[in-house]
Amino acid sequence: MSRSIVKKAVFPVAGLGTRFLPATKAMPKELLPIIDKPIIQYAVEEAIAAGITDLIFITGRSKRAIEDHFDSNFELEIALKSSGKNDLLELIQNIVPPGVNCIFIRQAEALGLGHAVLCAEPAVGREPFAVLLADDLVRGEELPTPRMVKEYKSSPSTLLMTMEVSPQDVSKYGIIRSGRKFSKTRTNVEELIEKPDEADAPSRLASIGRYILEPEIFDTIRDLPPGHGGEIQLADAINALARKGHVQAVELTGQRYDCGSKFGYLEAIVDFALADQEYGPRLEAHLRKRLKLK
């Protein structure tokens, strides 16, 4: 396989989802629905749309339901078939299309995003791979992962997806110091600083939860000391590569929703529902009535 072809994607899903308690006490936050589809499924569909065939989930305790969601459910399939609900049967059978593999790896201890990515090394091997954080849900004509996979194929490099954030939000993200333009769509990254104070931020361009990484990242992570919050930070490993000139940024073109926050999750539900052919007109009418709009 050519080293410029990305066929594997890593989904770190071991987090506890404490912001959504008590809803996430027994249910993984990644299975919270946007209407009738869980957040993690949007990320998986995005990866599959990019031509990725190996889906690697880094899970933790209490995340068995994610495995069940992407596994077959023979009892449900038989019940749907016998009831003549063939549309629903086809829907659940195609959650993971033929030719796509799911691999589940347990992260025994939550030591940070960098450590979660390192846990994927046995399944990734020495190939380039995508990383998708399900909390970052994106809508748009061209989704981030298909776009980044195409960018990588044209010129391999560690790639970050970035977006501009407000000054008061820079302390919530990894912020890049950008260098010269690499191409019309890519910029060299000189530095990636994890959650800087507003006064110390080199820009307002934040790294969000989409990456294309090369296997050298594993060696870099292994050499890292604990970073922000006492965890092994993926941003620190990427920063080490950026200082060697190995990292480039691609700016987001779609609409991103931070589904790791309650308000971002609510925004996603409303916007996805308004865009839905079945529910959109009814929801818009309801909102206009509630908000006393004409």
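Just so it is clear, the structure is predicted and the values come from calculations on it, not from any experiment. Sequence order as written defines residue numbering, which begins from 1 separately in each chain. Owing to the predicted nature of the model, reporting of local features is limited to residues with pLDDT of at least 70; listing and counting of side-chain atom pairs is limited to 80 or more, with chain, interface and lining totals taken over all residues. For the side-chain quantities, the full set of heavy atoms in the structure was used; hydrogens and water were omitted.

1. What to know about the confidence of the model for the protein chain
Consideration 1: For every residue, the predictor reports its confidence as pLDDT, a number between 0 and 100. In this model, the protein chain carries a mean pLDDT of 90, and residues with pLDDT of at least 70 account for 98%.
Consideration 2: Highest mean pLDDT in the protein chain belongs to strand β6 (residues 129–132) (97); lowest belongs to strand β9 (residues 174–181) (84). By the criteria applied, helices consist of DSSP H or I runs no shorter than four residues and strands consist of E runs no shorter than two, each listed in order from the N terminus.

2. Focus on the packing of aromatic side chains
Consideration 1: Stacked, edge-to-face and tilted labels apply to pairs of Phe, Tyr and Trp rings (six-membered ring for Trp) whose centres lie within 6.5 Å, assigned for plane angles under 30 degrees, over 60, and everything in between, in that order. Applying the stated criterion across every chain yields a total of 7 aromatic pairs.
Consideration 2: Relative to Phe 57, the ring of Phe 11 lies with its centre 5.1 Å away and its plane at 20°, an arrangement referred to as stacked. Placement of Phe 11 in strand β1 (residues 8–12) and of Phe 57 in strand β4 (residues 54–59) is noted, with a sequence separation of 46 residues between them.
Consideration 3: Exposure categories follow from relative accessible area, calculated using a 1.4 Å probe and restricted to protein chains: below 20% of the type maximum is buried, above 50% is exposed, and the middle band is partly exposed. Judged by relative accessible area, which is 0%, Phe 11 ranks as buried.
Consideration 4: What makes Phe 57 buried here is its relative accessible area of 0%.
Consideration 5: Taking the centre distance of 5.2 Å and the plane angle of 75° together, the rings of Tyr 42 and Phe 272 count as edge-to-face. On the criterion of sequence distance, the pair formed by Tyr 42 in helix α1 (residues 39–49) and Phe 272 in helix α10 (residues 262–274) is long-range, its members being 230 residues apart. Here the two residues Tyr 42 and Phe 272 agree in accessibility, since each one is buried.
Consideration 6: Connected via pairs of aromatic rings, a cluster forms that spans Phe 11, Phe 57, Phe 70 and Phe 104.
Consideration 7: Here the guanidinium or amino end of Arg 139 rests over the ring plane of Phe 272, the centre of that ring lying 5.1 Å away. A ring is considered to have a charge above it if a Lys NZ or an Arg CZ atom is located within 6 Å of its centre and within 35 degrees of its normal.

3. With respect to the environment of Asp 223
Consideration 1: Its place among the elements puts Asp 223 in the loop between α8 (216–222) and α9 (234–242).
Consideration 2: You can call Asp 223 exposed: its relative accessible area is 66%.
Consideration 3: Taking the C-alpha atoms as reference points, Asp 223 and Glu 77, 146 residues apart in sequence, are found 47 Å from one another.

4. Considerations on the pattern of salt bridges
Consideration 1: In what follows, salt bridge is the name for a side-chain nitrogen of Lys or Arg lying within 4 Å of a carboxyl oxygen of Asp or Glu. In the structure shown here, the tally under the stated rule is 18 salt bridges.
Consideration 2: Residues Asp 135 and Lys 29 are paired through a salt bridge, measuring 2.9 Å at the closest nitrogen-oxygen approach. Of the two residues, Asp 135 is situated in the loop between β6 and β7 (136–139) and Lys 29 in the loop between β1 and β2 (33–34); the sequence distance between them amounts to 106 residues.
Consideration 3: Between Arg 222 and Asp 219 there is a salt bridge, with the nearest N and O atoms lying 2.7 Å from each other.

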